[in-house]
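Coordinates in review
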Amino acid sequence: MFKKDNWDEILEALTANVFRTVLTAFGVFWGIFILVILLAVGKGLENGVKKDFDGIATNTMFMWSQTTSKAYKGLPKTRRYDFRNSDVAALRAAFPDLLYVSPRNQLGNSNSGTNNVVRGTKTSAFAVYGDYPELIKQQPMDIIKGRFVNQQDILERRKVAVIGKGVISDLYGKEEEAVGTYIKINGINFMVVGVYNSKQTGGNAEEEQKNIFVPFTTFQQAFNYGDKVGWMALTAIDEVSITDLKPKILDQMKVLHSIHPKDDRAIGNYDMYEQFGKVQSLFDILNFIAYFVGSLVLISGVIGISNIMLIVVKERTKEIGIRRALGATPGAIRGQILSESIFLTIISGMFGVAVATGVVAVLNMFLDSMPAGNNTMFANPSVDLRVVFVALLILVGSGLLAGFIPAQTAINVKPVDALRTE
């Protein structure tokens, strides 16, 4: 492999018919090119979709009360009930694998048409949430000014609020400072202590900027909710799947509220970990399809190289016979044919990787130049460096495979018969 004469012979054999060599190499080039592009596009789609989960604690489920569908212990079906503060304490005590148990309440929304927030002469409708401090670790947002709700706010039932950028645009002037000012929510004054920017992308991104967060205990007291809990956000520790805990959690809540054990409609829930797993499974399938399609195209290229090498061996039958007559071993003949096959395969394949990488780089430049928010479903298409190394190994293996049959054909040529060939 390191003898100059061998390389000169390889180049001479491959340049004897340049057009044929290029057409043959194109099959392998196209196979690797398609494989890398498909994997990059799949990764771009995966990154775009996962942007919606950016900053969210995905090992989380949401749970809320609904109407019962079965009678139980003398209680009628179609019964309405509410979660209570005591349920939160019970879940924390019963499930040590729960990292966060966040009770939540909501008042109004930005699309309700009924203005519930006033500042000076300006008024508008916003969603007002009662929350605990840990919510910021479960929901994607950046505090750009001031702070979020803290534990002291919860204990002292402080009338403080954290508002979104969308609230500022509706209630404040362009250069007006919001932190330290007061807003009225349903007629009750709250001091603004923080401003957040939502990380969420997609169709609801604008609405997510128009929320107001107040301490959960303050919300219950100020708006006469008593100890009522609208719903809960439950996040498990990393070592435990919330999906595995969910059946036990639901069973516990059924016991606490005298719900029939087989009443699956009484407690609504949304398992984010399960949904995230489905999304991940989808992209695993897309990656498999990319490898499958790319491999098929690559195999067709390898078959093309094998066929051309067979033709080359036939054209060089007399040369091979002379070599055998002069003492060349079968191993030397086989090595020469395999070297030519591997060289052609690797060069064409790595050229395919280089061109595909260039296309992906141009695509990334195009995406980066687009205004923010216009490419949410497709972001940062790329290919793992490990894929390139795997592709290199595939190319070496493909070269060996493509050259094996021609090499065997070459060493089976008898010197006497070869010398008779015109």
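To start, this report covers the structure provided alongside it. (Residues numbered from 1 in each chain as written. Predicted model: local features only at pLDDT ≥ 70, side-chain atom pairs only at ≥ 80, totals over all residues. Heavy atoms only, no water.)

A closer look at the overall build of the protein
Across its full length, the protein carries 13 helices and 14 strands. Sequence-distant contacts, at least 24 apart, represent 77% of the contacts inside the protein between residues at least 6 apart. Summing over all exposed atoms, the protein offers an accessible surface of approximately 21,700 Å²; the carbon and sulfur share of this is 60%. (Helix = DSSP H or I, 4+ residues; strand = E, 2+ residues; numbered from the N terminus. Contact = heavy atoms within 4.5 Å. Areas by Shrake-Rupley, 256 points an atom, 1.4 Å probe, with all protein chains shown as cover.)

What to know about helix α8 (residues 242-256)
The end-to-end C-alpha distance of α8, which contains 15 residues, comes to 20 Å, matching closely the 21 Å that a straight helix rising 1.5 Å per residue would cover. Turning to α8, its buried residues number three or more, namely Ile 242, Leu 245, Lys 246, Ile 249, Leu 250, Met 253 and Lys 254. Capping of α8 at its N-terminal end is provided by Ser 241; its side-chain oxygen lies 3.0 Å from the backbone amide nitrogen of Thr 243. Directly beyond the C-terminal end of α8, a positive phi value near 50° is found at Ser 258. (Expected span 1.5 Å × (residues − 1). Buried < 20%, exposed > 50% of the residue type's maximum accessible area, 1.4 Å probe, protein only. Polar contact = N/O pair within 3.5 Å; in protein donor to acceptor, adjacent residues only side chain to side chain.)

Some details on unusual backbone geometry
Not every positive phi belongs to a glycine, and Thr 78 is a case in point at roughly 60°. Take Thr 78: it is sitting in the loop between β1 (60-65) and β2 (83-84). The exposure class assigned to Thr 78 is exposed, which follows from its relative accessible area of 57%. Phi is positive for Ser 258, close to 50°, though the residue is something other than glycine. Within the secondary structure, Ser 258 sits in the loop between α8 and β14 (267-271). Given a relative accessible area of 25%, Ser 258 falls into the partly exposed group.

Thoughts on the nonpolar core
Met 63, Leu 91, Met 232, Leu 234, Ile 249 and Ile 267 are the most contacted members of the largest nonpolar core, which totals 37 residues. At the level of secondary structure, the elements contributing two or more residues to this core comprise β1, α3 (85-94), β3 (98-107), β6 (127-131), β8 (160-164), β10 (188-198), β13 (231-236) and α8. It is α8 that provides the largest number of residues to this core, a total of five residues. Discounting residues that sit within four places of it in the chain, Leu 234 has contacts with Asn 59, Thr 60, Met 61, Met 63, Leu 91, Leu 98, Tyr 100, Val 101, Gln 138, Ile 242 and Ile 249. In this structure, Ala 25, Ala 40, Ile 333 and Leu 344 belong to the second largest nonpolar core, which totals 23 residues. (Core = buried A, V, L, I, M, F, W, Y, C linked by side-chain atoms within 4.5 Å.)

Note that all results are geometric; they support no functional claim without further evidence.
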